[in-house]
Structures are given as structure tokens and as C-alpha cells.
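# Observations on chain architecture
Take a look at the letters that make up each chain.
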Amino acid sequence: MSIITMATTKGGAGKTTVAQMIIGAVHQLGYSIGVIDCDANCSLSNWLNEISDMAIDVQKVHDESKIVSEARKMNRKHDMVIIDTAGAQSQATLFAIGCADLVLIPVQLSNSDVIEAIKTHKLVESAGELAGREIPHRVVYTDYTPKTNIAKQVRKKIRKNGLDAMDTRLHHLVAYKELTFTGKIPKKGTAAAQGQLLVQEVFQMGHLPFMYEYAQAS
Ligand SMILES: Nc1ncnc2c1ncn2[C@@H]1O[C@H](COP(=O)(O)OP(=O)(O)OP(=O)(O)O)[C@@H](O)[C@H]1O
Ligand SMILES: [Mg+2]
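Now for a description of the structure that goes with this document. All values derive from a computational prediction rather than experimental measurement.

## Concerning the pattern of salt bridges
Enumeration according to the criterion identifies 6 salt bridges in this entry. Two residues, D57 and K77, come together in a salt bridge whose shortest N-O distance is 3.3 Å. You can see D57 sitting in strand β3 (residues 57–60) and its partner K77 sitting in helix α3 (residues 67–77), a full 20 residues away along the chain. Using a relative accessible area of 58% as the deciding quantity, one classes K77 as exposed.

Below, the structure written as C-alpha cells:
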């Protein structure tokens, strides 16, 4: 129903972490999730298959010509599809962006994260031109330290370059690193709340329609 792609040409910005938190929050609500891992490192798919105990339909897709058809196939089967990409400009990233309902661009507090986010923003816009539709996209701040000068500077540069950001930020927290070993998405505490808020914000943007059912049922 909603295809959400994690993309930035910057490596290590938090794509897989944002994906893990969204998957965790939606899984805790009981909805079905499909995951497409386009990264040759397979961080997300290996984590899901070998470390996490969540039962998720995961496909490693390393032939870029298959990304769009696999994503659409998964989208017919599941409530949400997450696509994780590698931290580099590639045809795979372009296809993963081109079939997305929403692209999330993780940004940590560094100038190179900002530079690559701006490049990714341009990639999303040209993928949108190719697809003949606007592809919604937002920065998600990750490893974020609030009330610092660097945070202010980074946000200013992102805004100045015409990029919108999600209100929800994933703060610099050890919980995000721990989950890579434990396989467990936090169920309480700040990290859990930030993951849930991020999903709610995505829903408020008009994605994840199953959240209506959830809101009505609860
Ligand atoms: N909010 C956070 N707080 C603390 N550590 C974080 C946070 N977000 C990400 N990290 C850490 O930063 C590192 C890079 O994150 P991640 O693997 O999600 O990035 P990526 O964009 O998927 O990288 P790649 O381009 O290599 O796929 C990881 O060690 C992760 O645990
Ligand atoms: Mg990754």
C-alpha cells in the first residue's frame, strides 16, 4: 500500500537504522511488511533474517532492473514496503526512488551528509520528472544532538536548499546501535517513542492507510 525508500548517496547516514525503526514500529502494530534490500552489503536483510525475530518478507534485489517489479509485487501483498539502498549514487537507487510513495533521506550532523542529501534531493526530482509525478521526499535527522550549533547549521543549510525535513528526529542514542546486535526494536524509552512518532508522521503525510484502521480499532 505504501512504498517507502531510504536513500542518500552518503554512506553511513542512517538509512538502515531508519528502516529498522519504521519496520519495528509497524510490526508492533501487527501489520505486514515487505522489505527489498538493494544494498550489496545486505545489512538490513541479514539483520532481519539472522538477528531479528520479526517474521518479515525480505527480498535481496541486486539486479536493478528487477527493483520496480519486485516492489510492486510486494506492495500488492503487504501493508507497507520498505526499500533500503546502498550509500552511493547508482541506477538501483534511482529505481528505488522512482517507485516510491515516499523517500526518506537520512542526514547526520555533518556537512558531507548535507551535500549528499542535496544530491539525493536532485535525484528524487529528476526521477519524478521521469515518472511524471512528484515523489514526496523528506530529510530525517539521525544521530541527532538537539540544541547544538551544528544541528542549527545543518538544519539551516537543508532548508536553504529547498529540502523539507520530518519533525521527528532520531537522537544520538545507544539504543539505535544496540538493536543491531540484539535484533530487538526498543519497546519503551526515547528510541521507541521516536520510531512510533516517525511512523505517525508518515501516516499524517497521507501514507500508510492501514493506520486509519488501527486508529479506529484502538
Ligand atoms: N540515532 C542514532 N544514534 C546512534 N547511532 C546511530 C543513529 N543512527 C544511526 N546510528 C549508527 O550509525 C551507523 C550507520 O547507520 P546505518 O547503518 O543505519 O547507516 P546507512 O546509511 O544504512 O549506512 P550504509 O550506507 O553503509 O548502508 C550505525 O552504526 C548505526 O548504529
Ligand atoms: Mg545501510
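## Brief notes about the state of the cysteines
Evaluation of the coordinates by the stated rule reveals 0 disulfides. You can see C38 has no disulfide; the closest cysteine sulfur is in C99, sitting 8.0 Å from it. Counting only cysteine sulfurs, C38 is the nearest neighbor of C42, a cysteine outside any disulfide, at a range of 10 Å. In this structure C42 comes out as buried when scored by relative accessible area, which is 9%.

## What to know about the site of ligand 1
Looking at ligand 1, there are 17 residues lining it, with G14, K15, T16, T17 and H171 nearest. Within the contact set of ligand 1, an oxygen atom lies 3.0 Å away from a backbone nitrogen or oxygen of G12. Protein chains bury 80% of the 630 Å² of accessible surface belonging to ligand 1 in isolation. Those elements that provide at least two residues to the shell around ligand 1 are α1 (15–28) and α7 (174–182). Residue classes in the shell around ligand 1 are distributed as 4 nonpolar, 9 polar and 4 charged.

## So, the nonpolar core
In this structure, I22 and I82 are the most contacted members of the largest nonpolar core, which totals 36 residues. With 7 residues, α1 is the single largest residue contributor to this core. Residues within four places of I22 in sequence aside, it is in contact with M6, M80, I82, L104, L198 and V199. In terms of nonpolar packing, the next biggest core, distinct from the first, is built from 21 residues, A7, V107, Y141 and L163 among them.

## Some thoughts on the environment of S112
For S112, the position within the fold is in helix α5 (residues 111–131). A relative accessible area of 35% means that S112 is categorised as partly exposed. Placed 74 residues apart in sequence, S112 and C38 show a C-alpha to C-alpha distance of 22 Å. A polar contact is formed between the side chain of S112 and the side chain of S110, at a distance of 3.3 Å.

## A short note on the packing of α1 against helix α8 (residues 190–204)
Between α1 and α8, whose axes approach to 9 Å, the crossing angle comes to 80°. Regarding the angle of α1 to α8, the classification is roughly perpendicular. In this structure, α1 contributes V18, M21, I22, A25, V26 and Q28 to the contact, and α8 contributes A191, G195, Q196, L198 and V199. Residues belonging to the contact of α1 with α8 are distributed by class as follows: 8 nonpolar, 3 polar and no charged.

## A word on the pairing of strand β4 (residues 80–84)
Burial analysis of β4 places 5 of its 5 residues in the buried class, the great majority of the element. Neither face of β4 is left uncovered, since the one carrying M80, I82 and D84 and the one carrying V81 and I83 both have all their residues buried. Two elements, strand β1 (residues 3–6) and β4, share 4 bridges in a ladder whose sense is parallel. Of the residues in β4, the one forming a bridge with I3 is V81.

## Examining α5
For an α-helix, 3.6 residues make a turn, and residues three or four places apart therefore share a direction. Counted at 1.5 Å a residue, the expected span for α5 with its 21 residues is 30 Å, and the 30 Å between its end C-alpha atoms agrees. Within the span of α5, buried status applies to D113, V114, E116, A117, I118, T120, H121, L123, V124, A127 and G128. Just past α5, the residue G132 takes up positive phi, approximately 70°.

## Observations regarding the packing of aromatic side chains
What the rule picks out here adds up to 3 aromatic pairs. Ring geometry for Y141 against Y144: centres 5.6 Å apart, planes inclined by 45°, an arrangement best described as tilted.

## Quick word on the pairing of β1
Burial along β1 is two-sided: I3 and T5 and I4 and M6, pointing in opposite directions, are all buried. Bridge analysis of β1 against strand β5 (residues 102–107) gives 3 bridges, and the strand direction is parallel. Counted as the bridge partner of M6 is L104 from β5.

Each value, and the rule that gives it
Residues numbered from 1 in each chain as written. Chains lettered and ligands numbered in written order. Predicted model: local features only at pLDDT ≥ 70, side-chain atom pairs only at ≥ 80, totals over all residues. Heavy atoms only, no water. Salt bridge = Lys/Arg side-chain N within 4 Å of Asp/Glu carboxyl O. Helix = DSSP H or I, 4+ residues; strand = E, 2+ residues; numbered from the N terminus. Buried < 20%, exposed > 50% of the residue type's maximum accessible area, 1.4 Å probe, protein only. Disulfide = S-S within 2.5 Å. Near = heavy atom within 4 Å. Polar contact = N/O pair within 3.5 Å; in protein donor to acceptor, adjacent residues only side chain to side chain. Areas by Shrake-Rupley, 256 points an atom, 1.4 Å probe, with all protein chains shown as cover. Nonpolar A, V, L, I, M, F, W, Y, C, P; charged D, E, K, R; others polar. Core = buried A, V, L, I, M, F, W, Y, C linked by side-chain atoms within 4.5 Å. Contact = heavy atoms within 4.5 Å. Axes fitted to C-alpha atoms, helices over the stretch in contact; angles between N-to-C directions. Parallel < 35°, antiparallel > 145°, perpendicular 65-115°, else oblique. Pairing = 2+ DSSP bridges. Expected span 1.5 Å × (residues − 1). Phe/Tyr/Trp six-rings, centres within 6.5 Å; stacked < 30°, edge-to-face > 60°.

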